[in-house]
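Working through the structure, step by step
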Amino acid sequence: MFKTLLIKEWKDKAPLVAFGLGIMALMLAAFLVLGDDQDLRELIPATFLIFFFPVIGAMLGAGAFESEFRDGAWTYLLSRPVRKETIWLAKLVASLSILAGSWLLFIGLLAVAPGLEEVVSGLKLPDMLGSGLALFPLILLSSLFFLSIAFSLSILTDKPLSVVFGSLFLGFVLEGVLFVFAFLAQGRAMLTQSGRFPMLGVFNLGLVLSSLAFLAASLLTWLKADFSQSRIKTGALARWCLLFLAAAWALSAAWPALRPGPKEEIGSIEVVGNEAVLSTSKGLYHYELESGRFRKIVRLRLDWGCSAVGGGKVLYVAGHDLQGGFELWVANTDGSDKRLLWGSGRGDMSVSFWPGTPRISPDGKTAVFAYEETSETSPRSHVRSLASIGTEGRGLKKLAPLDPGLAGEGEQSATIIRGWLGSPDGLLMWARPLKAGSGPRTVRTPYNVWRYDLASGAQIKLFESPGSVSLVPNPAGNMALLISEKDQAGPIDISLLDLKTGTTTPISTIERPGKGTPLWSAIEHSAWSGDGDRVGFLIHREGHLPTPAVYSGKDRRLVMGPGIRLQESPDLSNGLAWIGDGTKLAVTAVRDRSIYVLGPDLALEKTVPVPPSVNGRFRVWPVGAAVLLTDQENQAIWRLDLKTDKWKRIW
Amino acid sequence: MSELLRVERLSKAFGRRAVLRDIGFTVEPGKVYGLMGRNGEGKTTLIRTIMGVIPRDAGVISFKGRPVTFAGADYKRAIGYVPENPFFYGGMSVAGILAFNGRFFPKWDAKKAASDVERFGLDPSAKVRTLSRGQQLKLAVVAALAAGPELLILDDPTSGLDVPTRRDFLRDIIGELARGGTAVLFATHLVHELERIVDHLFILRGGRIVLDEPYDKVKILARRAVISFDGPPPEDLDIGPIIGRRRMGQDLELLLYPWSEEVNASLRGLNALRFEVEPLSLEDIFTGFVQDER
C-alpha cells in the first residue's frame, strides 16, 4: 500500500523535480560561465541557496494534497482500504525524499563543480545574525522548515500557489521570531545560570522541533478532522499548530537545562581535621562522619572545582558569571547559609585563578582570593592580585602589592600560596620571580618563601634558596617542613622552618638516589600529623628501598623505618597519610594495590589490599578515624574500616 | 454470519445542523437494500460515514461483527463503493486507475475489470479527466465490482448513467451480485428503478430512519385510501397510521402504513359516502413517508 501510494506521489511530483533540476542546471551554468567575476562568483550560489531550497521545500509541501483538490479525489482516497496515516506518511516521505535528493544533488555539485564548494563553505550569515554561522546548513534546515509548514497548510486549500507564498511568509516570520526568542532565552539563561548558553543550538533545535510541530499538527488534523467541513478542518489545524509550536519552543528554550551534562567526575577531597569536602565536576559533597557517606551541599557547574575548608565553612568558586568571570561563594560545610562573596559584577575586580586560591582561614572568618583588575575599556587586565574578604561578606581588602622583586614592574612571579599561617593571620607563599619574557620552562631561581601578614600588609622573606624548594606547613601554621637544595646535583637538606621568625632547624641531609634526580622525587609525600608535632615523608636513596621517616618536633628526633618494597610508580601516585588516632602512617602503593600500615615505630603492622576492582590510580584520604580511597579510573570512593580492614563502596 | 453491516445510534452534524440522528440498521448478505430519502436528507453523509470518509459524531459501525473506527481501513477491502460523483485522479488512464486501485484489494479480479471495461465501452487508454460523468461512473462501477465486494454501496449513481447501462446495471449486475451473496446498499431518490430489485427499504427523513422493513412486507401493508365525504373532509381523523394525506375537494386521499383490519374497520366507521383502498407503488410509499402533508 505504502509503496503504491509513494510511487503515485513521486509521479505527481515529476514536473516539480524537472523544474528543480532545470534551476540547478542554470545555476551551475551561470557559476561556471560567470564565476570569474569575484562578485558574481559569490552572488550566484548565495542567491541560489537563499531562494531555491526554501522555495522548493515550500513547493513540495504545498503540492502534497494538490491532486486530491484538483481532481476531487478526496472521497476516492479516503474510501480505499488503506490507513489514513499511511496515506499521510506516503505524501510526506515523497516530499521529503525529493527535498533530500535535491540536497544530495547539490552536495554532489559541490564536489564536482570547480570552486563551488569553496564559495559555498565561505558563505556566512551577517554577524548580527550569529557571527560566522555557515549559510548552507541553515538553508537546508530552513528548507525542511518551509516544507513542513507548506505540507500542513496544503490540507486547507486547493490553491497551492497561495500555500507556497503563505508558507514562505510564515516561515520567515517564525524564523525571525524564533531567533529573537533564542536570543532572549540566552539573556535569561545568562542571568540565572552559569555557563555558555548555546543560542544557535536553541535556534536550530527550535527550527527542527517547529517543523515537527507543523507535521504533527498536520497528521492529527488529517486523522481526526472532518475534511468535508473546511472551517472545522482549519480550526483543528490552527489549534494543533499552536499547541505543538508552543511545546516545541518551550522544549527548545529548556533544552540547555535539560540536556545531559558531562558525566560527574570526582576530583579531590579537601580534608581539615574531621571535615572533608569532595569536589566533583557537578558540585561539592560533605562527608558525614555518622553515616560515613557524602552528601551534596552545593550544586553547581564547576569549570574550576576549587574549594577550601576551614572553621566549619567551605569556600568555592562557581563557574562563569555574566562577564565571563568567576564567582566566589562560601557556605557552611553542611550546605547551609550559601553566600556570594564576590563576582565580577561588583566593582573593578574579577575573581580569577591563582594556584592555591581561594583560601579560607582556619577559623572560617576570612577568605583570600585572586582577582584581576577590570574596567570598561579593558574588561580583563590579566594581572592577578590578591584580596581578602570576611566570610560574612564584608571587609573587602585589596592586599598590598607583592614584593617588587617578585612581581615588580617588568617582572612576573610564579607565586603559590602554600598555607594559612597561625597568629597573626597571614599567608605562607612560595614564590620565584620570572624574568621578563621567559617561557614557562625557563629555569627560575631563587626560590623564596614569604610570609604575608594580612593585618599589617607586611611581606617578610622567611627563606631564600638558590635551588628548588618543597614547603609543607603544619596545621597550626607555625612551622613548615622545608626541603631544599643548593643546586640540582648536590645533597638535599631537610629542615624545619619557623614561620614566625624564619629560623631553620636542620633535620637531615640526604644524597639523591640518582644523579640529577629532582628534589621532589627524592623526598615525597610529606604529611603532618593532626597535632602538628610530627611530620612524615618517604625518602628514596640509592640502593635502598623507599624508607618512611618521621620527625617529631617534641622529641627533636628523626625516626626512619625499614624500607618498604614498593613497586616504583612513575606517576608519583604512591602516597602517605596519618590514619587512625594519628599515630599510624599509611603508605599507599599503587602498583602493589595495597596500603601498608606502619606503627609508631614505623614497623610494618599490616598490609591492607585495596578492593579488587581498584586497578588503576588511587589516593587515600584520612578523615577522622576513617580512611577514604578515591579510585579515579572507576569513579569510585571506598571507606576502610580500620578494625576489620574491610572496604565499603560509598560512591 | 447473518449480519454484514450494523449501524447503531449513528449521529452526525455539520455545525449546528444535525444531519443524522441515532441512525440504526443492519445489512445482511445477498440482499439489496434501498436507502431512500429526499435530496439533502443525509444519504450521502451516512454512506461517507460508513466508508470512513468523514468522522461520525457518535454511534457504532460494525462490519462482520467488528467495530470499525474512523481511521480503520481493513474492512473496506470487502466493500465496493460507487459514489454519487466521479472522484478519480484525472491524470491517470482508465487502465492506470484500475491497476492502481487493484493494489488496495486482495480479491481484485483484473480479468473481470478488463471485461467490464469492454462491456461498458470504456477506452482503457483514455485519461480519466477526458471521460464524461457517465463514463467516470461506469469506471467507478468497474472498479467496485472487480474488488470482489461482500458489500456494494451505491450512492445514487444511476442518474448519471445512460439508459441501456442503467438497465443493464440494475437488472443484470445487481441481481447477479445479490444471488452470489453480495449485499447491496443502494441509495437513491429515483425509486422506480429500485422497485424491481430491492429486498429491503430504509427511508430517511429528518435525519432519522422512518422505515426499516422488507419490501415485500411494505408492499402488502401499504395502502392508498380515497374517501369521499358529503362536504369538506374532517380535519382530524383517528384511524391509525396515516403516513400521507391529500385533499381533493370533498375527497381525502390517505396513504396508510401498516394496513390492518383495524384500519379497515376505522375507515368503514367514518360514515363516508364511499371509500376505495388499493395497494401502493414504491414511489407512493416513498412519497408518503418523505412528503410534507398538504
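Reading guide: rules and limits
- The residue numbering used here restarts from 1 in each chain and proceeds along that chain's sequence as written.
- Naming scheme: in the order in which they are written, chains are lettered from A and ligands are numbered from 1.
- Per-residue local features are limited, in this predicted model, to residues with pLDDT of at least 70; the limit for side-chain atom pairs, both in listing and counting, is 80 or more; totals at the level of whole chains, interfaces and linings are taken over all residues.
- In this text, helices come from DSSP runs of H or I with a minimum length of four residues, and strands from runs of E with a minimum of two, each type numbered from the N-terminal end.
- Three classes are used. A residue is buried when 20 or more other C-beta atoms lie within 10 Å of its own, exposed when 12 or fewer do, and partly exposed in between, with C-beta atoms placed from the backbone.
- The contact rule is simple: place each C-beta atom from the backbone, and if two of them lie within 7 Å, those residues are in contact.
- Note on residue classes: Ala, Val, Leu, Ile, Met, Phe, Trp, Tyr, Cys and Pro are nonpolar, Asp, Glu, Lys and Arg are charged, and everything else, Gly too, is polar.
- Think of it this way: DSSP has to see at least two bridges between two strands before they count as a pair.
- pLDDT gives the predictor's per-residue confidence on a scale running from 0 to 100.
- Lines fitted to C-alpha atoms define the axes here, with helix axes fitted over just the stretch in contact, and angles between the N-to-C directions of these axes take values from 0 to 180 degrees.
- Note that the term roughly parallel is reserved for angles under 35 degrees, roughly antiparallel for angles over 145, roughly perpendicular for angles of 65 to 115, and oblique for everything else.
- Handedness of a crossing follows from how the near helix is turned relative to the far one, being left-handed for an anticlockwise turn of less than a right angle and right-handed for a clockwise one.
- As used here, a nonpolar core is made of buried Ala, Val, Leu, Ile, Met, Phe, Trp, Tyr and Cys residues. They are joined through C-beta atoms within 7 Å.

We now examine the overall build of chain A. Of regular secondary structure, chain A possesses 13 helices and 33 strands. Looking at chain A residue by residue over its 651 residues, the buried ones come to 39%. Taking all contacts inside chain A whose residues are at least 6 apart in sequence as the whole, residues at least 24 apart take part in 49%.

To continue, consider the overall build of chain B. For chain B, the helix and strand inventory stands at 9 helices and 14 strands. Counting over 294 residues, chain B shows a buried share of 42%. By sequence separation, contacts in chain B at least 24 residues apart represent 73% of the contacts at least 6 residues apart.

This paragraph deals with the environment of A:V608. Residue and element names in this part refer to chain A. Checked against the element boundaries, V608 lands in strand β29 (residues 604-609). Given 19 C-beta atoms within 10 Å, V608 falls into the partly exposed group. Spatially, the C-alpha atom of V608 lies 9.4 Å from that of L642, the residues being 34 residues apart in sequence. Once residues lying within four places of it in the same chain are set aside, the contact partners of V608 are S594, I595, V597, L640 and D645.

Okay, the interface of chain A and chain B next. Each partner contributes residues to the interface: chain A has 22 residues there, and chain B has 22 residues. Counting only elements with at least two residues in the side of chain A that touches chain B, the list comes to α1 (2-12), α4 (66-71) and α5 (74-78) of chain A. Here the side of chain A that touches chain B is built from residues that sort into 8 nonpolar, 7 polar and 7 charged.

With that settled, consider the pairing of strand β31 (residues 626-631) of chain A. All names here are of chain A. The element β31 is extensively covered by neighbouring structure, given that 5 of its 6 residues are classed as buried. Bridging between strand β30 (residues 618-623) and β31 involves 6 bridges; their strand directions are antiparallel. Bridge pairing links V623 to A626 in β31. Hairpin connection between β31 and strand β32 (residues 636-641): a loop of 4 residues separates the two successive antiparallel strands, and Q635 in this loop has a positive phi of roughly 50°.

Turning next to the confidence of the model for chain B. For chain B, per-residue confidence averages 85 on the pLDDT scale, and residues scoring 70 or more make up 98% of the total. Quick note on the complex model: pTM equals 0.63, ipTM equals 0.86.

All names here are of chain B. Between Y257 and the following residue, P258, the backbone shows a cis peptide bond with an omega angle of -5°. Topologically, P258 is positioned in the loop between β13 (251-256) and α8 (261-268). Of note, R9 is a non-glycine position whose phi angle comes to about 45°, a positive value. Here R9 is to be found in strand β1 (residues 5-14).

All names here are of chain B. With 8 of its 8 residues buried, helix α1 (residues 43-50) lies for the most part within the structure. Listing the buried residues of α1 in full gives K43, T44, T45, L46, I47, R48, T49 and I50. The first or second residue beyond α1 is G52, which carries a positive phi of 75°.

Here the focus is the sheet that holds β31(A). Residues and elements named next belong to chain A. Spatial ordering of the open sheet is given by β30-β31-β32-β33, a layout of 4 strands whose pairing is antiparallel. Edge positions in the sheet fall to β30 and β33 (646-649), since each has one partner strand and no second. Strand-to-strand twist in this sheet, taken as the mean axis angle between neighbours without regard to direction, amounts to 30°.

This part covers the packing of helix α3 (residues 38-62) of chain A against helix α8 (residues 135-153) of chain A. Residues and elements named next belong to chain A. Interhelical geometry of α3 versus α8 gives an angle of 25° and a closest axis separation of 7 Å. It follows that α3 is roughly parallel to α8 by the angle criterion. Two packed elements cross with a definite hand, and for α3 against α8 that hand is right-handed. Across the contact of α3 with α8, the residue classes tally to 18 nonpolar, 5 polar and no charged.

A few words on the confidence of the model for chain A. When pLDDT drops low, the exact placement of atoms in the prediction is not to be read closely. Of the residues in chain A, 83% reach a pLDDT of 70 or more, and the chain-wide mean stands at 79. Throughout residues 191-196 of chain A the model reports pLDDT below 50, and contacts reaching past four residues in sequence, or to other chains, amount to 8 contacts.

Moving on to the sheet that holds strand β12 (residues 242-248) of chain B. Residues and elements named next belong to chain B. The strand order across the open sheet formed by 4 strands is β12-β13-β11-β14, and the pairing between neighbours is antiparallel. The sheet is open, and its two edges are formed by β12 and β14 (274-279), each paired on a single side. Each adjacent strand pair in this sheet contributes to an overall mean axis angle of 15°, direction not counted. Pairing of strand β11 (residues 223-228) with β13, which is carried by 6 bridges, proceeds in the antiparallel orientation. The residue of β13 that forms the bridge with R224 is L255. Against the sheet, helix α9 (residues 282-290) engages β11, β12 and β13, with an angle of about 95° to β12.

All right, on to the nonpolar core then. Counting 96 residues, the largest nonpolar core has A:L328, A:L427, A:A586 and A:L629 as its most contacted members. Setting aside chain neighbours within four positions, we find A:L328 in contact with A:V317, A:L341, A:W342, A:V351, A:P358, A:A367 and A:F369. One finds B:Y89, B:V128, B:A225 and B:Y257 within the second-largest nonpolar core, a separate group that totals 88 residues.

Residues and elements named next belong to chain A. Relative to strand β17 (residues 459-465), strand β16 (residues 447-453) runs antiparallel, the two sharing 6 bridges. When the sheet's bridge partners are listed, N448 is paired in β17 with E464. Linking β16 back to β17 in an antiparallel pair, the connection comprises 5 residues, with G457 at a positive phi of about 80°.

The next subject is the environment of A:L427. Residue and element names in this part refer to chain A. Structurally, L427 can be placed in strand β15 (residues 426-434). Taking the C-beta count within 10 Å as the criterion, L427 has 25 such neighbours and is therefore assigned buried. Separated by 23 residues in the primary sequence, L427 and W450 have C-alpha atoms spaced 8.1 Å apart. When sequence neighbours within four positions are dropped, the list of residues in contact with L427 reads R359, V368, I417, W420, L421, Y452 and L454.

As a further point, take the packing of helix α3 (residues 110-119) of chain B against helix α4 (residues 133-146) of chain B. Residue and element names in this part refer to chain B. At a closest axis distance of 9 Å, the pairing of α3 and α4 adopts a crossing angle of 155°. With respect to α4, the axis of α3 lies roughly antiparallel. Crossing of α3 over α4 shows right-handed handedness. Residues K112, A113, D116 and V117 of α3 pack against V142, L145 and A146 of α4. Split by residue class, the contact of α3 with α4 holds 5 nonpolar, no polar and 2 charged.

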